[in-house]
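What the coordinates show
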Amino acid sequence: MNNFIFAFFTLFTTLSYGGSNDSIPKFYKLGLILNGNIGIQNSGNYTFRTSNSQGQDLLGTVGQSGELGLEFLFFFKNGLTIKGDIHNSRLFGTDSRGVQSQLDGNWFGSGNSIGIGYHALLRDSSSHFFLSTNLSLGSFTSKWDFSNNDGYPKFGDFVIGPESQESFISKNYYLDINILAGFPLIKHRSAFFNYSFSIGYRQSVHSSNWTREVTNERINNLNNTLMMGWYVKFSLGIGFISKT
């Protein structure tokens, strides 16, 4: 985490210095990029405690999951970038949470964020390269859907009855550190296509409780959790620049 933050601010400083370089064009006043993206994220719900209840075993951690999202980047001539996004995640297939209870779990996640950063649009004689570093604040909702075929497993102090389904949710606010490298296909027009690659790290700023979705009641005897982890995404989109 510390190394990632150090690299983020090192890149930010480098881009700031590069703002006076002739390789950064001055032919636009402002611009907008809209991207659709697909990727993998490794965020999970972690407790960092050694003493866990029986119900804690069902929670576990999320691990790697697929992610789909939409994002926008609104950038100005002075290098300022405003970035926003929405994204949805889910596990690959079902996750068996217990052999004897025959319990299956499906995890889903959804989030959104908005933040600011710095960008540089570099060019040579035939191509452009867009680089942006951003720090965002967002909210994220984790959801576990459990299907129980037999037995009486517990999620915290809540008993999931046989032949039943239950859903539990947990909400976090988080910080998102993101580095995005894009390749806008800019010719002689203001509108263009864009493809990009981004990496980032999300860290919740507080621990969170779990609640039963249908009643919104808090689940007791279950450790509070943190949402944290890295992600990588590939994006395709369109953009517009205002030339001067």
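What you see is a predicted model; the values in this text were computed from it and never measured. (Residues numbered from 1 in each chain as written. Predicted model: local features only at pLDDT ≥ 70, side-chain atom pairs only at ≥ 80, totals over all residues. Heavy atoms only, no water.)

1. As for the pattern of salt bridges
Where we set the bar: Counted as salt bridges are all cases of a side-chain nitrogen of Lys or Arg within 4 Å of a carboxyl oxygen of Asp or Glu. To qualify as a helix, a DSSP run of H or I must reach at least 4 residues; to qualify as a strand, a run of E must reach at least 2; elements of each kind are numbered from the N terminus. For the exposure calls, accessible area comes from a 1.4 Å probe over protein chains only, and a residue counts as buried if that area is under 20% of its type's maximum, exposed if over 50%, partly exposed in between.
Inspection of the entire model under this criterion finds eight salt bridges. Note that Arg-202 and Glu-67 form a salt bridge whose closest N and O atoms lie 2.9 Å from each other. Taken as a pair, Arg-202 in strand 11 (residues 191-204) and Glu-67 in strand 3 (residues 65-76) lie far apart in primary sequence, 135 residues in all. Taking relative accessible area as the criterion, Glu-67 reaches 2% and is therefore assigned buried. The partner of Asp-145 in a salt bridge is Lys-143, with the nearest N and O atoms 3.9 Å apart. Taken together, the shared-partner salt bridges in this structure form one network comprising Glu-67, Asp-176, Arg-202 and Lys-233.

2. Here we look at the side chain of Asn-148
Applicable threshold: Here a polar contact is taken to be a pair of N or O atoms separated by no more than 3.5 Å, where protein atoms must pair a possible hydrogen donor with a possible acceptor and residues adjacent in sequence count only if both atoms sit in side chains.
Looking at the element boundaries, Asn-148 is found in strand 7 (residues 128-148). Reaching out from Asn-148, the side chain makes a polar contact with the backbone oxygen of Gly-161 at a distance of 2.8 Å.

3. Observations concerning the confidence of the model for the protein chain
Note that predicted coordinates carrying low pLDDT should not be read in detail. Rules: Scored between 0 and 100, pLDDT is the confidence that the predictor attaches to each residue. Pairs of residues are marked as contacts when any of their non-hydrogen atoms sit within 4.5 Å.
Scored by pLDDT, the protein chain has a mean of 79; 73% of the residues are at 70 or more. Highest mean pLDDT in the protein chain belongs to strand 12 (residues 211-212) (94); lowest belongs to helix 1 (residues 2-18) (43). Low pLDDT, under 50, characterises residues 1-27; the predicted model gives this stretch 46 contacts beyond four residues in sequence or across chains.

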